[in-house]
Amino acid sequence: MKKKITVQICTGTNCYVFGGANLLDLEKNLPSEVKEKVEVKGATCLGFCKDKKYGKAPFVLVEDELVSEADVHKVIKKVMQYVDKVVD
Amino acid sequence: MVDNNAIRIKRELITKISQLAFEGRLVEEIDKVPIEKFPKGGISTRCCVYKSRAITKYRIMALLGFRVEDEEDELKALSEYAKEGLDRQNVSPHVLTVIDEACSACVRVNYFVTNACKGCLARPCVINCPKGAIEIRDGQAHINPDKCVNCGLCMKVCPYHAIIYVPVPCEDICPVGAISKDETGKEHIDYEKCIYCGKCMVVCPFSAIVECSQLIDVIKHLKSDRKVIALFAPALVGQFQSPMEKIAGAIIELGFDDVYEVALGAEVTAHNEAIEFKEKILEGENRFMTSSCCPAYVEMVKKHIPELKSFVSTTRSPMHYTAQMLRENFPNAILVFISPCVAKRNEALNDEYVDYVVSFEELGCMFIAKGIDVDSAEEYVPKQRAYKSGRGFPVIGGVSEALKYYLSDDDKQKLSPMTIDGINKKSINLLKSMVNRPLPNVNFVEAMACEGGCVGGPTVISLPKIASSKIKRWIESNNK
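Being a predicted model, the structure only gives us computed values, none of them experimental.

Novice: Can you lay out the domain arrangement of chain B for me, pointing to particular residues and giving the numbers?
Specialist: You can read the domains of chain B as domain 1 (5-104 + 170-217), domain 2 (111-167) and domain 3 (225-476). Computed over C-alpha atoms only, the centres of domain 2 of chain B and domain 3 of chain B are separated by 48 Å.

Here's what the structure looks like:
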């Protein structure tokens, strides 16, 4: 079975107001060849906004790697790093 | 929507000011904020941290409810403004302000000769310029800004496509020509023309046009013993992923004493509009009628197409009716409208019942300032539940749909609506032409200044598409 890359977009209020809202159509922006290898999920507050050391909202988890001040391009870039590792 | 850095900076400041106001440290701490944001040796978004600090000061001034244009004493500290703001009884009578220090980065002349210019022998730009504004220096064409009248002929005739059009975003997007430069190159808003659509504010890449906020006035009342009621525009439901009851609960956590849906007033608007439609169109002489709930549209008609005014419904807005109902029940309460748009600020200033306006993004930032996560909020069910018809107003087409609920089956068949999906130069021309040449098969015009309806408003958080589908789901889940 193919293992998909999990992308969790924090939809806690802090993340959402600071741009998480714009990440909700991330799936549409993924390159078509990787779309099926990625699973995009909205997550309730992941808690990273509580500690300044993680940087600024919005936060996205690509597998277990944190992307802060996330935007569509940053997230796709991170996803692409994982794409090659996915075992078909 | 945060799709650029300017909006991020704005929301960071709204959050900071809200936090200080909630914690009662506004006067003590406010003067530190520009320096904390741009410390020595830190990253500046301008030429240097000092300029960034100066502009931040003006941004805060506007957030405290003051117009930057009204600054008389440059030495007056933010703490003094904060004190004045907290002491004032009446709300700031202004809606927008231009931060002149932040502006001025835009071109005076819209046509620009790029390096692709070869200084050719033919020189059609020089020959065709009706004002003699172009000369060749150092092998390239140069446009003299003092002579250029922005006609664009040079761009059209250049065989190398070396001359480009550089827009001034605010002037370009303003549908009514209300914003222009003064002799120093700074933009000024002509309030005889402005319709408060807020498009200039959204589009300015330097975020030089901002609202005069009522944030600290509202927070002051939230902390007081006075009863404060939030009336939320139905578009709010599309601004967060959580159900309406959670959003209402989060509003209660902010310190509001109660929450009401403006969709309640929208039902009154739709009901009145249906009666008027029957009288004036189905039984009367008028060829068509337009909606009146979008305040930027109403302002546009008043200031720019007065001859269309008799076609606009005389019905008041959903905000007005909701506030009227609440005022009758709670004569001493403070009524705060939660708004997707700038034009509602202007409407509220002239409304006898609404006391304050808080924008969607301000509400979102207030949640963050108080550490409230909407999804974790305790659900609150507003006491009075609105119907489908009123809740559909914020998505384009929703007003026409609502009208159908209040028309008889026969009359419903006779309604043939069209939508003005966003006010721009083109739709204004269409509306102008309709005064003398009404469109066949159109007897109702639903006019919205923002594309997509209120979900596309200038202070929204969610992508309009996502907000629309959330609202539609909300309406569908509502049985009534």
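Novice: So what about the interface of chain A and chain B? Which residues, and what values?
Specialist: The interface is formed by 19 residues belonging to chain A together with 23 residues belonging to chain B. In total, chain A and chain B occlude about 1,600 Å² of area from one another, counting both sides; carbon and sulfur atoms represent 59% of this. Here chain A is connected to chain B by two salt bridges. Of the charged contacts, one joins A:Lys56 and B:Glu12 as a salt bridge, the two residues approaching to 3.2 Å between their closest N and O atoms. Applying the counting criterion to the chain A and chain B interface returns seven residue pairs in polar contact (both at pLDDT 80 or more). Top element by residues in the side of chain A that touches chain B is helix H1 (residues 13-17) of chain A. It accounts for four residues. Residue composition of the side of chain A that touches chain B, by class: eight nonpolar, seven polar and four charged.

Novice: I'd love a proper account of a negative patch on the surface, names of residues and values included.
Specialist: Together, B:Asp31, B:Glu72, B:Asp73, B:Glu74 and B:Glu80 make up a region of like negative charge exposed at the surface. On the accessibility criterion, B:Glu72 (81% relative accessible area) is exposed.

Novice: Describe the pairing of strand S1 (residues 5-10) of chain A, with residues and values.
Specialist: A regular strand carries its side chains on alternate faces of the sheet. Residues and elements named next belong to chain A. Burial analysis of S1 places five of its six residues in the buried class, the great majority of the element. Two strands pair when backbone bridges link them, and S1 and strand S2 (residues 38-43) are joined in this way by six bridges, in the parallel orientation. When the bridges of S2 are listed, Thr6 appears paired with Glu39. When S1 meets strand S3 (residues 60-62), the two strands line up antiparallel, connected through three bridges. Considered in S3, the bridge of Val7 is made with Val62.

Novice: With reference to specific residues and values, describe the packing of aromatic side chains.
Specialist: Going through the model one piece at a time under the given rule, you end up with ten aromatic pairs over all chains. Ring pairs connect the aromatic residues A:Tyr16, B:Phe240 and B:Phe367, which therefore count as one cluster.

Novice: Before we move on, could you go through the packing of helix H12 (residues 263-282) of chain B against helix H14 (residues 318-329) of chain B and cite the residues and values that matter?
Specialist: The description of two helices packed together rests on the angle between their axes and the distance between the axes. Residue and element names in this part refer to chain B. Look at H12 against H14: their axes get within 7 Å of each other, and the N-to-C directions meet at 120°. Handedness of the crossing formed by H12 with H14: right-handed. Contacts between H12 and H14 involve Leu264, Gly265, Ala266, Val268, Thr269 and Asn272 on the former and, on the latter, Pro318, Tyr321, Thr322 and Met325. Residue composition of the contact of H12 with H14, by class: six nonpolar, four polar and no charged.

Novice: Let's hear about the packing of helix H1 (residues 5-22) of chain B against helix H4 (residues 49-63) of chain B: which residues, and what values?
Specialist: Residues and elements named next belong to chain B. The N-to-C vectors of H1 and H4 enclose an angle of 60°; their axes lie 11 Å apart at closest approach. Comparing the axis directions of H1 and H4 gives the class oblique. Every pair of crossing elements has a handedness; the one defined by H1 and H4 is right-handed. Taking contact as the criterion, the partners of Ile9, Leu13, Ile14 and Ile17 in H1 are, on H4, Thr56, Arg59, Ile60 and Leu63.

Here is what the cut-offs are and how they apply
Residues numbered from 1 in each chain as written. Chains lettered and ligands numbered in written order. Predicted model: local features only at pLDDT ≥ 70, side-chain atom pairs only at ≥ 80, totals over all residues. Heavy atoms only, no water. Domains from an automatic or database assignment. Contact = heavy atoms within 4.5 Å. Buried area = accessible area lost by both parts, 1.4 Å probe. Salt bridge = Lys/Arg side-chain N within 4 Å of Asp/Glu carboxyl O. Polar contact = N/O pair within 3.5 Å; in protein donor to acceptor, adjacent residues only side chain to side chain. Helix = DSSP H or I, 4+ residues; strand = E, 2+ residues; numbered from the N terminus. Nonpolar A, V, L, I, M, F, W, Y, C, P; charged D, E, K, R; others polar. Patch = residues over 30% accessible without salt bridge, like charges linked within 9 Å, V, L, I, M, F, W, Y side chains within 5 Å. Areas by Shrake-Rupley, 256 points an atom, 1.4 Å probe, with all protein chains shown as cover. Lys, Arg positive; Asp, Glu negative; His and termini not counted. Charge placed at Lys NZ, Arg CZ, Asp CG, Glu CD. Buried < 20%, exposed > 50% of the residue type's maximum accessible area, 1.4 Å probe, protein only. Pairing = 2+ DSSP bridges. Phe/Tyr/Trp six-rings, centres within 6.5 Å; stacked < 30°, edge-to-face > 60°. Axes fitted to C-alpha atoms, helices over the stretch in contact; angles between N-to-C directions. Left-handed = near helix turned anticlockwise from the far one by under 90°. Parallel < 35°, antiparallel > 145°, perpendicular 65-115°, else oblique.

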